[in-house]
Amino acid sequence: MKLFFFTNLIILTIVTVAIKLTIINQNNEIKILEKKMTKIEKDIEKLEIDFAYISSPKKLKEINDKEFKLNPIQHEDWVILEK
């Protein structure tokens, strides 16, 4: 009878330690994933700030003047199509 209780105690201890180690491992994986998510969120925020800067009217005018040299369509330039 003592052997039965002793065996059950050892098995219970082993199972408890195994569960504890599994929980620790999963917590470490969660921390690693949270760090990756934080990095990705920071990168997204930087891209949003860059996009907001580039798409501002003043910056768009500057880019147009440097790169494309496009002019808006004036009323005189319209072509009227006849049926």
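Everything here concerns the structure above.
### Concerning the overall build of the chain
Check the secondary structure of the chain and you find two helices and zero strands. Along the longest, intermediate and shortest principal axes, the C-alpha atoms of the chain span 105 × 35 × 15 Å. When the 14 basic and 13 acidic side-chain charges of the chain are each reduced to a single mean position, those positions are 14 Å apart.

### Some thoughts on the pattern of salt bridges
For the coordinates displayed, the defined rule picks out three salt bridges. Note that D65 and K61 form a salt bridge whose closest N and O atoms lie 3.2 Å from each other. Here the residue D65 and the residue K61 both occupy positions in helix α2 (residues 57-68), the gap between them amounting to four residues, near one helical turn. Classification of D65 as partly exposed rests on a relative accessible area of 43%.

### Section: the packing of aromatic side chains
Scanning the model with the defined rule gives one aromatic pair in all. Both rings, one in F4 and one in F5, keep their centres 5.7 Å apart while their planes meet at 65°; by these two values the pair is edge-to-face. You can call F5 exposed: its relative accessible area is 52%.

### Some thoughts on a nonpolar patch on the surface
A cluster of nonpolar residues, L3, F6, I10 and I14, forms a patch on the protein surface that exposes about 430 Å² of accessible area. Summarising the element assignment, I14 is placed in helix α1 (residues 2-54). A residue is classified by how much of its surface remains accessible, and I14, at 54% relative accessible area, is exposed.

About the thresholds
Per-chain numbering applies: the sequence of each chain, read as written, is numbered from 1 onward. Since the coordinates come from a predicted model, pLDDT governs what is reported: local features require at least 70, and pairs of side-chain atoms require 80 or more to be given and counted, while whole-chain, interface and lining totals use all residues. Side-chain metrics rest on all non-hydrogen atoms present in the structure, leaving aside hydrogens and water. We count a stretch as a helix when DSSP gives it H or I for four or more residues in a row; a strand needs E for two or more, and each element gets its number in order from the N terminus. Counted as positive: Lys and Arg. Counted as negative: Asp and Glu, with His and the chain ends omitted from the count. All charge positions are set by atom: Lys at NZ, Arg at CZ, Asp at CG, Glu at CD. Take a side-chain nitrogen of Lys or Arg and a carboxyl oxygen of Asp or Glu: if they are within 4 Å of each other, that pair is a salt bridge. Partly exposed describes any residue whose relative accessible area lies between the buried limit of under 20% and the exposed limit of over 50%, with all areas from a 1.4 Å probe on protein chains only and scaled to the type maximum. Think of it this way: a Phe, Tyr or Trp ring, Trp meaning its six-membered ring, pairs with another when their centres are within 6.5 Å, and the plane angle makes it stacked under 30 degrees, edge-to-face over 60, tilted otherwise. Every patch collects residues that have over 30% relative accessible area and no salt bridge, joining them within 9 Å if they carry like charges and within 5 Å if they are nonpolar side chains (Val, Leu, Ile, Met, Phe, Trp, Tyr). Accessible areas in this description were obtained via Shrake-Rupley with a 1.4 Å probe; residue shielding takes into account the shown protein chains only.

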